Amino acid sequence: MDCRQKYDILTKIVEISSSTSQINDRLTQAAHFLCVKDLAPTIAFYLLQRRGRRLTLRIAADSAGSLQLPAPPYSYKLPIPDDPVCKPLTTLLPNPLDPETINANDLFRKPQPHGWSLPLADENQAYGAMVLLSSTPFNIDNDTILFLLVVCRQITLALRSSILKNRDQQKVRRLKFLHQIGAQLNASENVQSAFSKLPDSALTFFSDSASILHIFASDQSQEKLIEQGFCDAEQHELVLQVSRYQATRTKFISHPLVIEKHNSPPAAIIYQHFFNQFCAHIILPLISQGRLVGAIEFFLTDKPRSRDLLPLEKEDLELLEILAVHLAATLERTRAQNQLSAANQASLLRTQQLTFSHQIKNALLAADTPEKIIRLTLGALVSNEGFTSSPALYLEFQEKDDSWQGLYYASASNRALTNPDQQPESNHLNTLTDHLLEANSQIPQKLSEELKALWLPSLNTAPSRFQQAVVGRKPTIIPAEFVTVIHAKLKSLLPGPKIVVIPILSQDHLKGLMLANADYISREDLAYITLFTDAAALALDNTKLYQRLQSSLASLNSAQLRLSQSEKLMALGEMASSIAHEIKNPLVSIAGFARRLHKRIPDQSREKAYSQIITKEIERLEEIVNNVLSFSRPESNKFEPHDLNLLIDETTALFARELKKLKISLEVQLTSEMAAVECDGNQLKQVLINLFNNSIQAMSSTANGNEHRISVRTSCFCDLKRQEERALIEIEDNGKGIQEQFIHDIFNPFFTTKHDGTGLGLPICHRIILNHLGDIRIHNREGKGVMVSISLPFDHKAPPKPTV
Amino acid sequence: MGTQKYTLMVVDDEENIRWLYKEELEEEGYSIVAAASGEEALQKLPEVNPDLVVMDIKMPGISGVDTLVKIKEIDKNIPVILCSAYGDYKQDFTTWASDAYVVKAASLDELKKAIREVLEKRYPGKGK
């Protein structure tokens, strides 16, 4: 090789070095050029692999065309020179082409190739080797070797500059990536979206190697595998296994951990499988406030996709650590944000609820009837601010027979049905009240029938859990089966699996029960419900108090009225009585002589008729006087056992003729089981006569075309209030009845609706019956008749002195 | 009935009443002696020696009740029927001594009935 040739080669190599930045292109060009210059039939370049300690065939050129190269990666082991001084590679090898070191059979079809190996290395680092190969032995003189070393040096330089450039580019990319990630993390609202950006960025970070990304955040048990392309099912499984294996051992790591084949735990069989397919497992712990909150794992595959792959360096790990800190901070921040917003929401909800309950309280206080209060509470319970979509119903305790009756039913959907347009949130009290009332005012027909059918004779047979809930007097959540077993209808009305039992109290007495589906009600909400029910109980007490106050005021008023009236009446009575006595004596004379006169006048004369009239009228006059007297100075009672039926028979006999004349039918039903009643027979008869008279007059003054009828019945019954057996007399007519406006006055003396009445008939009856410790009641059906019922005790013990 | 009539003394301050009683009771077959006051009755009592006294209570001078007591002091065997417009004396202890008490009424049937019963009780088997 002459100087000219050497010069040409060197110039070309330098030119190639500066022409392109791609290592592969340079090497290809160099190989081809050197080939052409007949240095050797075949020229190949081997480069050191990134992480391995292998030489890999990267480029080869063959002028003779005899070379068949295996596909990369093809590698052989190369001892790395400890000495950084540049040496021809041959000196490092036992033989320039030691068959033990490089299996020529792998390179060539022809066995026993011959060749020279020249190092591509500088003072710091070995990059690879240039190998001259031939199928036949060939010799190269020392000058040529020296020259080739210069060429190698030149190529090394180009290689190094190219690598450095790549590395710079990669660093810039990685920094850019970090910057991007940081910006994304800052911008993202939650962990999920922050992490969703990671895989793309990670691919950028590792530029070319296939990566699989695995993220888990420990506290949210959020484990997520984000795959990038290269992962088949087998790899997936492998990755997960490795991750799990490592997770148990790296619980407390604080720095990024890179596991490669050479530092993998030797005992872990899983890692041996792993490194058949992957080249690295990188774990980035996410640490926030000294606590491991998660981790990111990268799994790098061993298939370089680009020739420019550069090893992961310490700086890169530091960058990744910065990323990890970023991520951890984001994780923490979003978590804190989540907690804060959750707390905010909760407090907002509570505020809403409190406002609502305040409004309800106001509405309850404004409500004037217990019914309204119950319906308001029920409406509040199922409203949006209460507990949406849980239907609720109200069972009222019936004091008279200790039973329970379903009364109201409310559900939010029901309200939505009736009022689709109206906004549920209304701050106006009136509309709120109306609104809540509406929730249970228009329930579907079917439901309302089911509700009516919901009648429980008693809770004694209910499951003890339910009874405890009722007795506890506090809202209690119990499984539905303990409630629905009480009545079949409950199951269809409250279909949920849990039911809250809310006792409604009024003045410490259980007034009713609200039952609602409690599927969405937490224990905290129970306290909120208690707010409602307490307010309801208070409002109930208030209405009761208010009603009582009103009624006592009314009774006070009427008592005052009656008192003043009775004072007047007493004075009037006194006067009437003294007048009556004065009248009575002359009356006796007049009556006596009139009767005598009547007897003496011949029959069928005019005078006879006149005197008849006088006698009759005097009788009436006497009756009036007697009434006045017996009211103001009642006769003392003479109690003896009497047969009531007999008294009635005697009385009806007195009226037989008159009834017949007036065409009034008489219907008498006397019980045969009537025992003797201890009473004053005459007085009772007086009562009966009075009542008969009233009935007859009520009927004779109407001509309604119907048949007039008086019914008289006797019976025995057990008075539960007084706990005694009593006799009952009922006298019913179908006359005109009493006008409602007079009904309260009929027992007042001197009150009368008849033009010729004294107004003493019923008051005397009343007094007589009271003296018998009995009861007299008027059941009036205006325009249709009156039924008077008199109940009397059989035994009359120590009657109170009649008061004047 | 025997030939002997019962003699009744009617004591009342009102002349009309006395007359009415007299006429009515004479029709019943009694012989009647009338007195206008308690004093007159007591004065006539020994002379008339009536089989029965019918007496008003409210009278000027000695009241019927006082007269009743005095009559019973003289002869407790003479039956006395008190006859008054006041119903409330009926069970009054002041009238316990009387043999019957009749509330004055337009119809004298009750009085007549009481007279018959008292006489029958006082003179059993002797009456009409």
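Rules used in this analysis
- Residues numbered from 1 in each chain as written.
- Chains lettered and ligands numbered in written order.
- Predicted model: local features only at pLDDT ≥ 70, side-chain atom pairs only at ≥ 80, totals over all residues.
- Heavy atoms only, no water.
- Helix = DSSP H or I, 4+ residues; strand = E, 2+ residues; numbered from the N terminus.
- Buried < 20%, exposed > 50% of the residue type's maximum accessible area, 1.4 Å probe, protein only.
- Phe/Tyr/Trp six-rings, centres within 6.5 Å; stacked < 30°, edge-to-face > 60°.
- Pairing = 2+ DSSP bridges.
- Axes fitted to C-alpha atoms, helices over the stretch in contact; angles between N-to-C directions.
- Contact = heavy atoms within 4.5 Å.
- Buried area = accessible area lost by both parts, 1.4 Å probe.
- Salt bridge = Lys/Arg side-chain N within 4 Å of Asp/Glu carboxyl O.
- Nonpolar A, V, L, I, M, F, W, Y, C, P; charged D, E, K, R; others polar.
- Arc of directions from axis to C-beta.
- Left-handed = near helix turned anticlockwise from the far one by under 90°.

Visitor: It is not clear to me how unusual backbone geometry should be interpreted in this structure. Could you clarify?
Guide: Most peptide bonds are trans, and most residues other than glycine sit at a negative phi. Unusually for a residue other than glycine, A:Gln604 sits at a positive phi of about 60°. With respect to the element layout, A:Gln604 can be found in the loop between helix H18 (523–600) and helix H19 (606–632). Relative accessible area serves as the criterion here: at 83%, A:Gln604 is assigned to the exposed category. Of note, B:Asn49 is a non-glycine position whose phi angle comes to about 50°, a positive value. Mapped onto the fold, B:Asn49 is located in the loop between helix H2 (38–48) and strand S3 (52–55). Residue B:Asn49 is classed as partly exposed on the basis of its relative accessible area of 49%.

Visitor: In this structure, what is going on with the packing of aromatic side chains? I would like to understand it.
Guide: Aromatic rings considered in pairs are described by the distance between their centres and by the relative angle of their planes. Residues and elements named next belong to chain A. With the rule as written, the count across this model stands at 4 aromatic pairs over all chains. Judged by centre distance (5.1 Å) and plane angle (20°), the rings of Phe655 and Phe692 are stacked. With Phe655 in helix H20 (residues 644–661) and Phe692 in helix H21 (residues 681–700), this pair connects stretches of sequence that are 37 residues apart. Each of the two residues, Phe655 as well as Phe692, counts as buried.

Visitor: Sorry if this is basic, but what is going on with the sheet that holds strand S23 (residues 785–793) of chain A here?
Guide: Adjacent strands of a sheet pair through backbone hydrogen bonds, lying either parallel or antiparallel. Residue and element names in this part refer to chain A. Read across the sheet, 5 strands follow the order S18-S20-S21-S23-S22 without closing on themselves; strand pairing throughout is mixed. Of all the strands in the sheet, just strand S18 (664–669) and strand S22 (775–781) have a single pairing partner and so form its edges. Each strand of the sheet is rotated relative to its neighbour by a mean of 15°, with strand direction disregarded. The pairing of S18 with strand S20 (residues 708–719) spans 6 bridges and is parallel. Across the sheet, Leu666 pairs through a bridge with Ile710, a residue of S20.

Visitor: Even after reading the chapter, I still don't get the environment of B:Lys58, so can you show me in this structure?
Guide: Within the element layout of this structure, B:Lys58 appears in the loop between S3 and helix H3 (64–74). Along the chain, B:Lys58 and B:Asp13 lie 45 residues apart, while their C-alpha atoms are 8.4 Å from each other. Not counting the four nearest positions on each side in its chain, B:Lys58 is found in contact with A:Glu582, B:Asp13 and B:Tyr86.

Visitor: Please explain the interface of chain B and chain A as it appears in this structure.
Guide: Many descriptions give the size of an interface as the accessible area lost when the pieces come together. Between chain B and chain A, the contact holds 20 residues from the first and 20 residues from the second. Taken over both partners, the interface formed by chain B and chain A buries close to 1,800 Å², and the fraction arising from carbon and sulfur atoms is 52%. Counting across the chain B and chain A interface gives 6 salt bridges. For the salt bridge of A:Lys599 with B:Glu27, the shortest nitrogen-to-oxygen distance reads 3.5 Å. Ranked by residues supplied to the side of chain B that touches chain A, first place goes to helix H1 (residues 15–27) of chain B with 7 residues. Residues belonging to the side of chain B that touches chain A are distributed by class as follows: 9 nonpolar, 3 polar and 8 charged.

Visitor: How do you make sense of helix H15 (residues 464–472) of chain A when you look at a structure like this?
Guide: Note that an α-helix has 3.6 residues per turn; residues three or four places apart therefore point the same way. Residue and element names in this part refer to chain A. Listed in full, the buried residues belonging to H15 are Phe466, Ala469 and Val470. In an axial view of H15, the angular spread of the buried residues amounts to 95°, which keeps them on one side of the axis. In this structure, H15 carries Ser464, Gln468 and Val471 as exposed residues pointing more than 90 degrees from its buried face. Turning to H15, the residues buried within the fold contact strand S14 (476–479), helix H16 (481–484), strand S15 (498–506) and strand S16 (509–517). At the exit of H15 stands Arg473, carrying a positive phi of roughly 60°.

Visitor: Before we go on, may I ask you to explain the sheet that holds strand S11 (residues 392–398) of chain A in this structure?
Guide: All names here are of chain A. What the 6 strands build is an open sheet, ordered S13-S12-S11-S16-S15-S14; its pairing is antiparallel. Looking at strand neighbours, the two that pair on one side only are strand S13 (455–456) and S14, the edges of this open sheet. Judged from the 4 bridges that link them, S14 and S15 form a sheet pairing that is antiparallel. Along S15, the bridge assignment pairs Pro479 with Lys498. Relative to strand S12 (residues 403–410), helix H11 (residues 370–382) is tilted by about 55°, and along the sheet it contacts S11, S12, S15 and S16.

Visitor: Hey, could you run me through the packing of H21(A) against helix H22 (residues 761–771) of chain A in this one?
Guide: For any two helices packed against each other, the geometry comes down to the angle between their axes and how far apart the axes lie. Residue and element names in this part refer to chain A. At their nearest, the axes of H21 and H22 sit 9 Å apart, and the two run at 145° to each other. Relative to H22, the crossing made by H21 is left-handed. Of the residues in H22, those in contact with Gln683, Leu684, Gln686, Val687, Asn690, Leu691 and Asn694 of H21 are Gly761, Leu762, Ile764, Cys765, Ile768 and Ile769. Grouping the constituent residues of the contact of H21 with H22 by class yields 8 nonpolar, 5 polar and no charged.

Visitor: I'm lost on the packing of H20(A) against H21(A) in this one. Help?
Guide: Residues and elements named next belong to chain A. Between H20 and H21, the shortest axis-to-axis distance is 10 Å and the interhelical angle comes to 40°. The two elements H20 and H21 meet at a crossing, and its hand is right-handed. Note on element contacts: H21 touches H20 through Gly681, Leu684, Lys685, Leu688, Ile689, Phe692, Asn693 and Ile696, opposite Leu644, Leu647, Ile648, Glu650, Thr651, Thr652, Leu654, Phe655, Glu658 and Leu659. Considering only residue class, the contact of H20 with H21 consists of 11 nonpolar, 4 polar and 3 charged.

Visitor: Help me understand H3(B) in this model?
Guide: Residue and element names in this part refer to chain B. Turning to H3, its buried residues number three or more, namely Gly64, Val65, Thr67, Leu68, Ile71 and Lys72. Angularly, the buried residues of H3 cover 160° about the axis, an arc narrow enough to put them on a single face. Exposed residues lying more than 90 degrees from the buried face of H3 are Glu73 and Ile74. Looking at the buried residues of H3, the elements they touch are H2, S3 and strand S4 (80–84).

Visitor: Looking at this structure, I do not really get the pattern of salt bridges. What am I missing?
Guide: When their charged atoms lie close together, side chains carrying opposite charge are able to pair. Inspection of every chain in the model, using the stated rule, returns 24 salt bridges over all chains. One salt bridge connects A:Lys511 with A:Glu396, and the closest N-O pair in it is separated by 3.6 Å. Separated by 115 residues along the polypeptide, A:Lys511 in strand S16 and A:Glu396 in strand S11 bring together distant segments of the chain. For B:Lys72, the salt bridge identified is with B:Asp99, shortest N-O distance 3.0 Å. Taken as a pair, B:Lys72 in helix H3 and B:Asp99 in the loop between S4 and strand S5 (100–103) lie far apart in primary sequence, 27 residues in all. Judged by relative accessible area, which is 18%, B:Lys72 ranks as buried. Several salt bridges share partner residues, and in doing so they unite A:Arg596, A:Lys599, A:Arg600, B:Glu23, B:Glu24, B:Glu27, B:Glu28, B:Lys112 and B:Arg116 into one network.

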